[in-house]
Amino acid sequence: MKKLLQKIAFVYILLTSLTLSAQSNQDDYTALRALYLNANGDGWYDRTGWLDAATFMANPTIPTGTDMSTWYGIVLDDNGRVGEIDLGENLLAGNIPPEIDRLTAITGLYLYDNQLTGNIPVEIGNMTTLAYLDLSFNQLMGDIPTEIGNLINLEELDLYTNQLTSIPVEIGNLTNLTKLDLNDNQLSGNIPATIGNLTNLSQLYLYFNFLTGPIPSTIGNLTNLTELLLNDNQLTGNIPSSVGNLANLNALVVNDNQLSGCYDPALANLCGQIFTNTNANISTGNTFDANWEDFCNTQAGTGIAINLKAYLQGAYQVASGEMTTTLNSDRSLLPGQTPSSPLATPTPAGQPYGIAPWNYTGTEGADWTGDAYATDAVDWVLVSLRTGTAKASQVAMTAGVLNKDGSIYFPNRCVLSVNENSVYIVVEHRNHIGIMTPAPVSITNSTLTYDFTQANTYDGNGTGAGQLEIAPGIWAMYTGDGDQISDVGSYDINGPDKTVWFETNGVFDNYLPADYNLDGDVNGQDKSLWFDNNGVSSRVPK
């Protein structure tokens, strides 16, 4: 009896296996049939072994005795499933059908150099067994579908020479990628910062597109990268200092963009490392302060290091001797962060001085999220350098993040390249009175150092206010100047700043000008600070 039961069980398992195999083969057949019919199979260059269109139309289910292993370009795996399709250069013309996702065992799909049109079907995101996907040299159009991020086993993605229009942020999910080639499309918008998640990537090709915005600093995470080709786009800003950390990089091509500014000294690591160490591949077609070869040979075009310290009255705590980080660590309200409260309104990423009256167009923080901020971050400030006291003498400007100890972190210090021996330093904040050094500060060994917290600042020879002595020997920027558009000539705290407070009084969990104590709320505490400083005016020229 026991042996009989064992035989019955064996037969059941065998029949079940055969049923599943037949179903699997039917799924593969359905996908290949749809591909043939949608891509003009009868016109293929080589269709050896394939059924013709009429036979496929007459047989939606797999005909008895069909052996797909004999079909040109089809490779079956050990289980009889379609494991690879290679129909490159075979005159496929038409769309990739949504039924393609029936190929649930496939690891390689090669449809390159054909005449495929339409969009990449979103169903391709269901083909999670794929390790290699090559749809290059076709006429595919539209966005790269976000579902592409589901292909977590993908090692190589080739979509170059099509008419694709955008890169989804979900591309960062493909952490097994070693090659990403999207060159020669119509890609626009920014390079997503999530591309920095692809830490196994060795080749990144995004050239010949219409990409804009900065090169994301997260590219510096791609420590296995050997080739980085971003040329012939519309990228702006400079080459992030983090690129200098790519010890395996041997090809860097960024020519013919709109890159500018100076070179961070960290990029000197690449000078003896990359074989594309020529002006033609880096500085040509951009407006850097110097040619790449001159930078490598003489350090031309490098920026100056800036070590500054300043306090904001609104955030300063006398007891601790530091500023609070409430906007950052407690509320997550700084630009680019996701607020802690689900009722809060997030502020778009990027330094906050792109609006009037500052109208600063720098891209600092453009790709930042909550994780980009240090735990000590308080808020953004705007720093500029002048050869004289007048605004017209300004020679450089950049945004930085003020830390609780008063130090300022500059994400883009290369903007501050000046050919002067000494400069006035101006620090501005969105709701504190701007300050300026009382005299020019010398640049020594390419470094500019000044501590605003240790003494009063420029006050127009006693005709205005500089800073507030918030504790014995400790100086801080006056808070309460929330309406700087109305400031004429210099900075002041008066009625319009109270109006700004009045209009948003009672608003919580927001990044607002009237939040004079920088705690994320606008309430009576902010009014008290304005009241204490009402009538204070500066002589720092705006």
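*Asks:* Which parts of the structure should I look at to understand the overall build of the protein chain?
*Replies:* Each helix and strand counted, the protein chain has 6 helices and 30 strands in total. Against the compact-globule benchmark of 24 Å for 542 residues, the protein chain has a radius of gyration of 31 Å, which places it well outside the compact range. A principal-axis box enclosing the C-alpha atoms of the protein chain has dimensions of 100 × 60 × 45 Å. By residue count, 51% of the 542 residues in the protein chain fall in the buried class. Carbon and sulfur atoms make up 50% of the accessible area of the protein chain, which totals about 22700 Å². Across the protein chain, the mean location of the 19 positive side-chain charges is 9 Å away from that of the 56 negative side-chain charges.

*Asks:* It is not clear to me how helix 6 (residues 524-533) should be interpreted in this structure. Could you clarify?
*Replies:* An α-helical segment advances 3.6 residues per turn. Residues three or four places apart therefore align on the same side. Those residues of helix 6 not exposed but buried are Asp526, Leu529, Trp530 and Asn533. Here the buried residues of helix 6 occupy an arc of 100° about the axis, which is enough to place them on one side. Of the exposed residues in helix 6, those oriented more than 90 degrees away from the buried face are Phe531 and Asp532. Against helix 5 (495-504) lie the buried residues of helix 6. Structurally, the start of helix 6 carries an N-cap: the backbone nitrogen of Gln525 is 3.1 Å from a side-chain oxygen of Asn523.

*Asks:* Sorry if this is basic, but what is going on with the nonpolar core here?
*Replies:* A general tendency of soluble globular proteins is for nonpolar side chains to be buried together. Ile85, Leu133, Leu157, Leu180, Leu204, Ile219 and Trp292 are the most contacted members of the largest nonpolar core, which has 76 residues in total. For this core, the element with the most residues is helix 1 (residues 2-38), which contributes 5 residues. Beyond its immediate sequence surroundings of up to four residues, Ile219 is in contact with Ile195, Leu204, Leu228, Leu230, Val243 and Leu246. Core analysis: the next-biggest nonpolar cluster, separate from the first, contains 47 residues, Ile304, Trp380, Leu382 and Val423 among them.

*Asks:* What is the right way to look at the sheet that holds strand 15 (residues 234-237) in this model?
*Replies:* Neighbouring strands of a sheet are bound in pairs by backbone hydrogen bonds; such pairs are parallel or else antiparallel. With parallel pairing, the 5 strands of this open sheet are ordered in space as 11-13-15-17-18. Of all strands in the sheet, those bounded by a partner on one side alone are strand 11 (188-190) and strand 18 (287-288). Direction of pairing for strand 17 (residues 258-261) relative to strand 18: parallel, over a ladder of 2 bridges. Bridged to Gly261 within strand 18 is Phe288.

*Asks:* What is the right way to read the environment of Leu267 from this model?
*Replies:* As for its position among the elements, Leu267 is in the loop between strand 17 and strand 18. Sequence-wise, Leu267 and Leu246 are 21 residues apart; in three dimensions their C-alpha atoms are separated by 9.5 Å. With sequence-adjacent residues up to four places away left out, Leu267 is seen in contact with Ile239, Pro240, Ser241, Val243, Gly244, Trp292 and Phe295.

*Asks:* Mind showing me how you'd approach the environment of Trp530 here?
*Replies:* Note on placement: Trp530 falls in helix 6. Once you skip the residues sitting within four places of it in the chain, Trp530 turns out to touch Gly480, Ile493, Asn494, Gly495, Asp497, Lys498 and Tyr516.

*Asks:* Explain the state of the cysteines to me, please; I cannot follow it from the model alone.
*Replies:* All chains considered together, the criterion is met by 1 disulfide. For Cys271, the disulfide goes to Cys296, at an S-S distance of 2.1 Å. An S-S torsion of about -80° defines the bridge between Cys271 and Cys296 as left-handed. Within this pair, whereas Cys271 is found in the loop between strand 17 and strand 18, its partner Cys296 is found in helix 3 (residues 292-298), the two being separated by 25 residues in sequence.

*Asks:* What should I look at first to understand the layout of surface pockets in this one?
*Replies:* A water-sized probe rolled over the atoms picks out the places where empty space is left. Counted as a void, the largest pocket has a volume near 850 Å³. At the level of secondary structure, the elements contributing two or more residues to the lining of the largest pocket comprise strand 15, strand 19 (305-309), strand 23 (394-403) and strand 24 (408-409). Along its surface, the second largest pocket is lined by 20 residues, and Pro352, Ile355, Trp358, Arg430 and Pro513 are the ones closest to its centre. Counted by class, the lining of the second largest pocket contains 13 nonpolar, 5 polar and 2 charged residues.

About the criteria used
Counting restarts for each chain, with residues numbered from 1 along the sequence as it is written. Whole-chain, interface and lining totals are the exception, using all residues; otherwise, since this is a predicted model, local features are given only for residues with pLDDT of at least 70 and side-chain atom pairs are given and counted only at 80 or more. As a rule here, side-chain values cover all heavy atoms of the structure and leave hydrogens and water aside. Each helix corresponds to a stretch of at least 4 residues labelled H or I by DSSP, and each strand to a stretch of at least 2 residues labelled E; elements are numbered beginning at the N terminus. Values of the radius of gyration come from C-alpha atoms, whereas the globule rule sets the reference at 2.2 Å times the count of residues to the power 0.38. The buried label applies to any residue whose accessible area, calculated with a 1.4 Å probe on protein chains only, is under 20% of its type's maximum; exposed applies above 50%, and partly exposed to all values in between. Every accessible area reported is derived by Shrake-Rupley at a probe size of 1.4 Å, with residue values counting cover from the shown protein chains alone. Neither His nor the chain termini are counted; the positive set is Lys and Arg, and the negative set is Asp and Glu. In this description, the location of a charge corresponds to atom NZ of lysine, CZ of arginine, CG of aspartate or CD of glutamate. Taken from the helix axis, the directions to the C-beta atoms give the arc we talk about. Contacts are assigned to residue pairs with any non-hydrogen atoms lying within 4.5 Å of each other. Side-chain atoms alone can form a polar contact between residues adjacent in sequence; in general such a contact is a pair of N or O atoms within 3.5 Å, and within protein one must be able to donate a hydrogen while the other accepts it. We define a nonpolar core as any set of buried Ala, Val, Leu, Ile, Met, Phe, Trp, Tyr and Cys residues linked to one another through side-chain atoms lying within 4.5 Å. DSSP calls a pair of strands paired once it identifies at least 2 bridges connecting them. To count as a disulfide, a pair of cysteine sulfur atoms needs to be within 2.5 Å. Here a cavity is any set of points on a 1 Å grid over the protein atoms alone where a 1.4 Å probe fits but cannot get out, and a pocket is any open set with protein on both sides within 12 Å along at least 5 of 7 lines; a residue lines the site when it has an atom within 4 Å of a point. Grid points are joined across faces, edges and corners, and a volume is the space filled by probe spheres set on the points. For this scheme, ten residues count as nonpolar: Ala, Val, Leu, Ile, Met, Phe, Trp, Tyr, Cys and Pro. Four count as charged, namely Asp, Glu, Lys and Arg, and the remainder, Gly too, count as polar.

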